[in-house]
Amino acid sequence: MTIGLYHPGHSPLHRLSAGTKVTGLLVASLALFLTPSVWFAFWSVPVAFAVYLSTGAPFRRLMAQLRGPAILLGLVLAFHLLFGSVADGLLAVARFATLILLASAVTLSTRISEMAELVEWGLQPLRPVGVNPEKVGLAIALAIRFVPLIAEEFRHIREAQAARGLAANPLALIVPLVIRTLKSADELADAIEARGYER
Amino acid sequence: MHNPQSRGAERAMIVLEGVSHDFDDRPVLVEIDLALCERRIGIVGANGSGKSTFARLLNGLVLPRTGRVLVDGVDTRKDVKAIRRKVGFVFQNPDHQIVMPIVGEDLAFGLKARKVPKAEIAGRIDAALACYNLGHLRERPVHLLSGGEKQLVALSAVLVTDPEIVVFDEPTTLLDLRNRNRVAAAIDALPHPALVVSHDLDLIAGFERVLMIEDGRVAADGLPSEVLPFYRERMR
């Protein structure tokens, strides 16, 4: 399973701070959508792909991560072919592909804790209006942590139902999954308290 | 067997005085008086007997309905923050204890919660992981670890905060034999006093004291050689 996003390494991208990378991503996004040049958008794709490869994650994993976005980009292109022009479709695909590659490179090279700290820092001005930046940071980390746990629970429930001869039924999968996830969340909340986190 | 009320009271680290607790009016623990001072204490009992609630009382995760729990003289009801610093808690399922997605980040979690200076955190994480030869796992995503590795990471995450006592709630239940042995060896080598709730009778056979909980009461209290045969007999 490739969930977990962060890939440990020592690439130049890993050495940059989370703030620098997110700012860079923001600047790249603005440049892509504000620059009307088609060539700029097309040339940005191989550059972004090189940045993506520079994270040093295994090639097979990198390619596997692109499967989902590739389907999405296919749909974007199909939409433009049906309702717009080929040129507009290719331009949109090039822009989105660049952004997806750069954003993936940022997540592959940035620890969740660094990202959470950045969010906490960014939300500090909202503290006077009742926003607790530490809680938001913790929520982000927990959301990432829960993805493989929920996937594991889903697999257990599906196997248990298959072993009892039940055909795949979305409702029969979702109800126990939600119950078990809530129970896990309850226990994790206990653990967070036990480990000294103050509400 | 010993009289639980008198045993070691004068130098006890943990004292329970008239502790009762219930969930939805169902009594879980009834009038428990204990003084615990041994280095290794085991807790046994059938499912639903109240032993996990007992363990949770010691860390302030559960507060008693009546009576009080004192850890090193501190009442869990009055200063739960101090209690959490004193008592580390290792849960049965490490997946429900490990909060952060990366091993090193998870060890840092407890230290940050205690406001440990950033400069100190990295060194303490390295030292805690080195205790169980887990240094190579520092940057590893938690969901890629084996069950035994996860349980040792969970233990390291507790020890890195330097507690005075460690409470384990069924630490070997979900493990295969090899990983069970790794965790048992880790508990055995622990310099801290430890209280272990377990169905694994071999794990606690060498302990200094074993309590058997039945229907929310301490039904037996003494040496493992006294309590465990009694417990086996009751479980027939």
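Residues numbered from 1 in each chain as written. Chains lettered and ligands numbered in written order. Predicted model: local features only at pLDDT ≥ 70, side-chain atom pairs only at ≥ 80, totals over all residues. Heavy atoms only, no water.

**Q** Sorry, what's going on with the overall build of chain B here?
**A** What chain B contains, in helices and strands, is 8 helices and 10 strands. If one aligns the C-alpha atoms of chain B with their principal axes, the spans along those axes are about 50 × 40 × 35 Å. Taking all 236 residues of chain B together, 60% fall into the buried category. Considering only residue pairs separated by 6 or more positions, chain B has 66% of its internal contacts joining residues 24 or more positions apart. Total accessible area on chain B stands at roughly 9,800 Å², and carbon and sulfur atoms take up 49% of it. (Helix = DSSP H or I, 4+ residues; strand = E, 2+ residues; numbered from the N terminus. Buried < 20%, exposed > 50% of the residue type's maximum accessible area, 1.4 Å probe, protein only. Contact = heavy atoms within 4.5 Å. Areas by Shrake-Rupley, 256 points an atom, 1.4 Å probe, with all protein chains shown as cover.)

**Q** Looking at this structure, how should I read the nonpolar core?
**A** Looking at soluble globular proteins, one finds that nonpolar side chains tend to be buried together. Residue and element names in this part refer to chain B. Counting residues in hydrophobic clusters, the biggest one holds 45 residues, and the most contacted among them are Leu107 and Phe168. For this core, the element with the most residues is helix α5 (residues 147–159), which contributes 7 residues. Judged by nonpolar contacts, the second largest core, of 30 residues, contains Val19, Leu61, Ile83 and Leu211. (Core = buried A, V, L, I, M, F, W, Y, C linked by side-chain atoms within 4.5 Å.)

**Q** Help me understand the pattern of salt bridges, please; the structure alone is not making it clear to me.
**A** Pairing between side chains of opposite charge can happen when their charged atoms approach one another. Scanning all chains against the criterion turns up 26 salt bridges over all chains. By sharing partners, the salt bridges in this structure join A:Glu117, B:Lys112 and B:Lys118 into a single network. (Salt bridge = Lys/Arg side-chain N within 4 Å of Asp/Glu carboxyl O.)

**Q** Before we go on, may I ask you to explain the packing of aromatic side chains in this structure?
**A** The description of two aromatic rings rests on the distance between their centres and on the angle between their planes. Residue and element names in this part refer to chain A. Summed over all chains, the structure comprises 6 aromatic pairs over all chains. Between Trp39 and Phe42 the ring centres are 6.3 Å apart and the planes differ by 85°, which places this aromatic pair in the edge-to-face class. Of this pair, Trp39 and Phe42 both sit in helix α3 (residues 38–53), 3 residues apart, roughly one helical turn. Plain terms: the ring middles of Phe49 and Tyr52 are 6.4 Å apart, the flat faces sit at 40° to each other, and that makes the pair tilted. One end of the pair, Phe49, and the other, Tyr52, are both in helix α3, 3 residues apart, so they sit about a helical turn from each other. Among the residues examined, Tyr52 registers a relative accessible area of 0% and is labelled buried. (Phe/Tyr/Trp six-rings, centres within 6.5 Å; stacked < 30°, edge-to-face > 60°.)

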